[in-house]
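Residue-level structural notes
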Amino acid sequence: MSLSRRQVAVAAAAVPLAFSMSGTSHAGVRRTPTLYIAGDSTAAQKYANAAPETGWGTAMPFFLQSSRLAVSNHAVNGRSSKSFVDEGRLKGMLSAIRPGDFLLVQFAHNDEKAEDPTRYTEPWSTYQEYLRMYLDGARARGARPVLATSVERRRFDAAGKALPTHGEYPAAMRALAAEERVALLDIQALSLALWQRLGVEETKKYFNWTATEQDNTHFNPPGAIEVARLVARELLRTRVLGPRDVRRLDDRIPESWITWPEAAA
């Protein structure tokens, strides 16, 4: 990449001043902070033509106090940390983010695709460089960035051991979070442990396994709900959010709460 970190920060800071006002409205009413999600298909909102496939971002509002935190899910199928930026999606998010908001970033699934130069990033160089653009952009807007290692796929060996599938990307994100002093939600490690506890057969109930599809990457409603629960618990554990910001962390969430809107024409 040719952009330096200083250039990225300057570019983000150059967003029109009208968007950098404080978190209080003109009428003096305190606005509700927003949790923005940048990510790929594992987090994205799905539509009726994809049901029952469900991204974990769809289930996040079930675990957050709506009076204290809104959710704006910008995750999109097939995107990497690189293509999300190159398509202008990060720029669009930063134009909306206000001081006091949060930017939660989860990428790796598509960064791993070395055969596709429009999406591929190398873990210890370009992947970290692109992630820094999200961190610097959020900070320049007065928002708090949060990194989340990618949720694991469903993969087991012959002995029934759950296997990691993301190579060096989780380690690269952990190192970057430590270097940048950014909160890290280690969803990769937590989801891998969850799949191990559930086992080979039970995990099928959490992924998008249907009569016609055996999808070991994307979730159905129960899977999306449980991954969102992991994210909410990590937001609390890392003190990104406080106890008053979260709810239902130990409650059963009905699958019927998940809905799939019709896609825009």
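Predicted model, so just to flag it, every value in this text is computed and none were measured.

About the criteria used
- In every chain, residue numbers begin from 1 and rise along the written sequence.
- It should be noted that, the model being predicted, local features are given only for residues of pLDDT at least 70 and side-chain atom pairs only at 80 or more, the latter also being counted only at that level, while totals for whole chains, interfaces and linings use all residues.
- For side-chain calculations, the full set of non-hydrogen atoms in the structure is used, while hydrogens and water are omitted.
- Strands here are runs of E lasting at least two residues and helices are runs of H or I lasting at least four, both read from the DSSP assignment and numbered beginning at the N terminus.
- Summary of the burial criterion: residues with accessible area below 20% of their type's maximum are buried, those above 50% are exposed, and those between are partly exposed, where the area comes from a 1.4 Å probe applied to protein chains only.
- Contacts are assigned to residue pairs with any non-hydrogen atoms lying within 4.5 Å of each other.
- We get accessible surface area from the Shrake-Rupley algorithm with a probe of 1.4 Å; when it comes to residues, only the shown protein chains can shield them.
- Centres within 6.5 Å make a pair out of two Phe, Tyr or Trp rings, where for Trp the six-membered ring is used; the pair is then stacked when the planes are under 30 degrees apart, edge-to-face when over 60, and tilted otherwise.
- Each axis is a line fitted through C-alpha atoms, taken for helices only over the stretch in contact, and angles between the N-to-C directions span 0 to 180 degrees.
- Each angle is binned into one of four classes, with values under 35 degrees roughly parallel, values over 145 roughly antiparallel, values of 65 to 115 roughly perpendicular, and all other values oblique.
- In a left-handed crossing the near helix is turned counterclockwise from the far helix by less than a right angle, and in a right-handed crossing that turn is clockwise.
- Two strands qualify as a pair provided DSSP detects at least 2 bridges between them.
- For this quantity, the arc is that covered by the directions from the helix axis to the C-beta atoms.
- The nonpolar core is taken to be a set of buried Ala, Val, Leu, Ile, Met, Phe, Trp, Tyr and Cys residues, with the residues joined through side-chain atoms within 4.5 Å.
- One less than the number of residues in a helix, times 1.5 Å, gives the span that helix is expected to have.
- Two N or O atoms count as a polar contact when they lie within 3.5 Å, although within protein this holds only if one can serve as hydrogen donor and the other as acceptor, and sequence-adjacent residues are included solely when both atoms are side-chain atoms.
- Under the scheme applied, nonpolar residues are Ala, Val, Leu, Ile, Met, Phe, Trp, Tyr, Cys and Pro; charged residues are Asp, Glu, Lys and Arg; polar residues are all the others, including Gly.
- Neither His nor the chain ends contribute to the count of charged residues, in which Lys and Arg are positive and Asp and Glu negative.
- Whenever a carboxyl oxygen of Asp or Glu lies within 4 Å of a side-chain nitrogen of Lys or Arg, that contact is scored as a salt bridge.

1. Points about the overall build of the chain
The secondary structure content of the chain amounts to eight helices and seven strands. The buried share of the chain, taken over its 265 residues, is 50%. A sequence separation of at least 24 residues applies to 77% of the contacts in the chain between residues at least 6 apart. When the accessible surface of the chain is split by element, carbon and sulfur atoms take 52% of a total near 12400 Å².

2. Regarding the packing of aromatic side chains
Throughout the structure, instances matching the rule amount to eight aromatic pairs. The structure contains a cluster of three or more aromatic residues connected by ring pairs, namely F84, F107 and Y134.

3. Some remarks on the packing of helix 7 (residues 187–202) against helix 8 (residues 221–237)
At a closest axis distance of 10 Å, the pairing of helix 7 and helix 8 adopts a crossing angle of 135°. Overall, the two elements helix 7 and helix 8 adopt an arrangement that is oblique. The element helix 7 and its partner helix 8 pack so that their crossing is right-handed. Together, I187, L190, S191, L194 and W195 of helix 7 and E226, V227, L230, V231 and E234 of helix 8 make up the contact between the two elements.

4. A look at the environment of K113
Position of K113 relative to the elements: it lies in the loop between strand 3 (102–106) and helix 5 (123–140). Spatially, the C-alpha atoms of K113 and S80 are 9.1 Å apart, while their sequence positions differ by 33 residues. In this structure, K113 is in contact with R119 and Y120, ignoring residues within four places of it in sequence.

5. Section: the sheet that holds strand 3
Spatially, 2-1-3-4-5 is the arrangement adopted by the five strands of the open sheet, whose pairing is parallel. Only two strands of the sheet have a single neighbouring strand rather than two, namely strand 2 (70–73) and strand 5 (183–185). Neighbour-to-neighbour, the strand axes of this sheet turn through a mean angle of 25°, independent of strand direction. Of the pairings in the sheet, the one linking strand 1 (residues 34–39) to strand 3 comprises five bridges and is parallel in character.

6. Looking at helix 4 (residues 89–96)
Listed in full, the buried residues belonging to helix 4 are L90, M93 and L94. In a view along the axis of helix 4, the buried residues occupy a sector of 100°, so they form one face of it.

7. Observations concerning the nonpolar core
Judged by nonpolar contacts, the single largest core of 42 residues is most densely connected at W56, M60, W195 and L235. Elements represented by at least two residues in this core include exactly strand 1, helix 2 (56–59), strand 3, strand 4 (144–148), strand 5, helix 7 and helix 8. Considering every element that reaches this core, the biggest residue donor is helix 8, with eight residues. Apart from the residues within four sequence positions on either side, L235 is in contact with L35, M60, L104, V146, L185, V240 and L241. In terms of nonpolar packing, the next biggest core, distinct from the first, is built from 29 residues, I97, A108, A138 and L176 among them.

8. So, helix 5
With 18 residues, helix 5 extends 25 Å from end C-alpha to end C-alpha; this agrees with the ideal 26 Å at 1.5 Å per step. Among the residues making up helix 5, those that are buried are P123, Y127, Q128, Y130, L131, R132, M133, Y134, L135, D136, G137 and A138. For helix 5, the N-terminal cap is E122; the gap from its side-chain oxygen to the backbone nitrogen of W124 is 2.9 Å. In the stretch just after helix 5, G142 is the one whose phi turns positive, near 80°.

9. A word on the packing of helix 5 against helix 6 (residues 169–180)
The geometry of helix 5 relative to helix 6 is characterised by a closest axis approach of 10 Å and an angle of 45° between their N-to-C directions. Judged by the angle between their axes, helix 5 and helix 6 are oblique. The crossing of helix 5 and helix 6 is right-handed. Together, P123, W124, Y127, Q128, L131, R132, L135 and R139 of helix 5 and Y169, A171, A172, M173, A175, L176, E179 and E180 of helix 6 make up the contact between the two elements. Residues of the contact of helix 5 with helix 6, tallied by class, amount to 11 nonpolar, one polar and four charged.

10. Concerning the side chain of D40
By the secondary structure assignment, D40 is in the loop between strand 1 and helix 2. Although D40 lies buried, it forms no salt bridge, and the closest oppositely charged side chain, K46, sits 7.4 Å away as judged by the N-O distance. Here Q106 takes part through its side chain, which lies 3.4 Å from a polar atom of the side chain of D40. Side-chain polar atoms of D40 contact the side chain of H109, separated by 3.4 Å. Ignoring sequence-local partners within four residues, the contact set of D40 consists of A75, V76, N77, R79, Q106, F107, A108, H109 and N110.

Fair warning: the whole summary comes from geometry, so function is off the table for now.
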